[in-house]
Amino acid sequence: MIIDSTVLKELIFGNNSKYQKIRKKFEGGELTIRIPDVVKYDVFKTIINENIPEEHFTKLVELIVRYLEYLTVNLDHTHITDAISISRDLKVDFSVAACLVLANSLMDVYVTANRELVEKLRKNGYSVLHINEIL
Amino acid sequence: MSDMSKEKKNSKKDVVISIRIPKWLKEEMDRIDINWSEYIRDSIEKKVSIEELKKIWGQIETIKGSMNRR
């Protein structure tokens, strides 16, 4: 599945057991998790605002960056062009549009934790799942 | 993935490994028309990535644990 930052942030920083089950399924090879590169930067922005003690900061950030590298798919120019069009037409964040484009390209499903977004995208004919629908 | 890992991955050098499997399984494999080398290589690569991820996550959990104990 392709996840956006609403799911990814919860996977990394949250303590919700449902999300941790997803991570365990992923690590057990039962499902795949991929993110477009732009989603990675949303997580970095969160890190900047997290209250991480100085003595852990560098090591934790390094580990998170390494973890995300394994999930990241770099978008090519066609993906980016399509994502810009979707973002402009639907008035959604570029990283959301990038998830839609990547899901379509890899014939995978886009999963988000944002209910309003699910409704909006479905109204516009896009295939998307809310995280609760796969838990 | 670190630069070193990327460098290793891009290396053109291959090595040969051998595994022992039951005769009946080899016969079944021969009946299926797929590139077994490619399949096994992909499977090993996925497993290596997953194990690396688990290791990294273990370290993240350790740090998060010590942060929560503060």
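All values derive from a computational prediction rather than experimental measurement. (Residues numbered from 1 in each chain as written. Chains lettered and ligands numbered in written order. Predicted model: local features only at pLDDT ≥ 70, side-chain atom pairs only at ≥ 80, totals over all residues. Heavy atoms only, no water.)

A short note on the overall build of chain B
Broken down by element type, chain B carries three helices and zero strands. Starting at the N terminus and walking to the C terminus, you meet the elements of chain B as α-α-α. When each of the 70 residues of chain B is scored for burial, the buried share is 14%. (Helix = DSSP H or I, 4+ residues; strand = E, 2+ residues; numbered from the N terminus. Buried < 20%, exposed > 50% of the residue type's maximum accessible area, 1.4 Å probe, protein only.)

Thoughts on the sheet that holds strand β1 (residues 2–3) of chain A
All names here are of chain A. One open sheet accounts for three strands, arranged β1-β4-β5; its pairing is parallel. Each edge of the sheet is formed by a strand with only one pairing partner; in this case those strands are β1 and β5 (129–130). As paired elements, strand β4 (residues 110–112) and β5 share two bridges and run parallel to each other. Each residue of the ladder has a partner; that of V111, found in β5, is L129. (Pairing = 2+ DSSP bridges.)

What about the layout of surface pockets?
In this structure, the second largest pocket encloses a volume near 610 Å³. F26(A), T32(A), K46(B), S49(B) and I50(B) are, among the 23 residues lining the second largest pocket, the residues nearest its centre. When contributions to the lining of the second largest pocket are tallied by element, the ones reaching two or more residues are α2 (17–27), α4 (54–71) and β3 (72–73) of chain A together with α3 (36–68) of chain B. The element that contributes the greatest number of residues to the lining of the second largest pocket is α3(B), accounting for eight residues. Partitioning the lining of the second largest pocket into residue classes produces nine nonpolar, six polar and eight charged. (1 Å grid on protein atoms, 1.4 Å probe; cavity = no way out; pocket = protein on both sides within 12 Å on 5 of 7 lines; lining within 4 Å. Points joined across faces, edges and corners; volume = space filled by probe spheres on them. Nonpolar A, V, L, I, M, F, W, Y, C, P; charged D, E, K, R; others polar.)

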